[in-house]
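Residue strings, one per chain:
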Amino acid sequence: MHRPTLLEGVLIALVLSLSVSPLVVFVQLALGSLLAWKIGAMAVAYAYICYLLARSGRRSGRVTLGLLALTVLLVSLVLHLRFPTLLLLCVALIWVIRSFAYSRSLVSAVLQGGVCVLGCGAALMMYGHSGSLALALWSFFLVQAAFVFIPAQCMRRPATPSTTTLGSAPDDFGRAYHAAEQALERLTTTVAG
């Protein structure tokens, strides 16, 4: 799979921000206001996590991480976490999943966290200005779309020249192999003699 593009991230932001309002309205009719907002936030976060896992190039651990994220979100719902705590948990899950799926270095993972923090700031500013959760989610996921500009590995190790060996491992192996052959030869001459 190829890395997601910025346009794809913008479209995901649009779909997620527009889908939260109808979801909250339907859940609110059945379960109440606060629980509806919690379920709406969890559903949007989990949908984004599933998108990240589906688009990642990694094959191992995707299903396990998806189920683990779902378990954490459901446990947080059962434990009746406060709404701001639940939102921070969702952002932390997004950061961890994206760091696993798209980062190959610590610097890249920290930059992924920075994008999540910037997204939270943009969402808080938008919610404070407009009072709309849909616009706050749009702002958050619009900033998240910029993660495609973070390289998977920010700090590359310098290439070693072809004439040098890494830690002289081949020489060490050759000496150990020769010492083992000599020891076996001594054992066979001692037993035979």
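See the structure printed just above.
Read on for an overview of the structure.

1. Let's talk about the environment of Leu142
Within the element layout of this structure, Leu142 appears in helix α6 (residues 133–144). Using a relative accessible area of 33% as the deciding quantity, one classes Leu142 as partly exposed. Considered as a pair, Leu142 and Ala122 are 20 residues apart in the sequence and their alpha carbons are 9.2 Å apart. Among residues more than four places away in sequence, those in contact with Leu142 are Val10 and Ala13.

2. A few points about the packing of helix α2 (residues 33–55) against α6
As a packed pair, α2 and α6 sit with axes 13 Å apart at the nearest point and diverge in direction by 20°. Classed by the angle they form, the pair α2 and α6 counts as roughly parallel. The chirality of how α2 crosses α6 is right-handed. Residues Trp37, Val44 and Tyr48 of α2 lie in contact with α6, whose contacting residues are Leu133, Leu137, Phe141 and Gln144. Taken together, the residues of the contact of α2 with α6 break down into 6 nonpolar, 1 polar and no charged.

3. Quick notes on the packing of aromatic side chains
Throughout the structure, instances matching the rule amount to 4 aromatic pairs. Their ring planes at 35° and their centres at 5.9 Å tell us that Tyr48 and Tyr51 sit as a pair that is tilted. You can see Tyr48 and its partner Tyr51 sitting in helix α2, 3 residues apart, about one turn around the helix. For the ring pair Phe140 and Phe141, a centre distance of 5.0 Å and an interplane angle of 75° mean the geometry is edge-to-face. The rings of Tyr48, Tyr51, Phe140 and Phe141 are connected pair by pair, giving a single aromatic cluster.

The rules behind each value
- Residues numbered from 1 in each chain as written.
- Predicted model: local features only at pLDDT ≥ 70, side-chain atom pairs only at ≥ 80, totals over all residues.
- Heavy atoms only, no water.
- Helix = DSSP H or I, 4+ residues; strand = E, 2+ residues; numbered from the N terminus.
- Buried < 20%, exposed > 50% of the residue type's maximum accessible area, 1.4 Å probe, protein only.
- Contact = heavy atoms within 4.5 Å.
- Axes fitted to C-alpha atoms, helices over the stretch in contact; angles between N-to-C directions.
- Parallel < 35°, antiparallel > 145°, perpendicular 65-115°, else oblique.
- Left-handed = near helix turned anticlockwise from the far one by under 90°.
- Nonpolar A, V, L, I, M, F, W, Y, C, P; charged D, E, K, R; others polar.
- Phe/Tyr/Trp six-rings, centres within 6.5 Å; stacked < 30°, edge-to-face > 60°.

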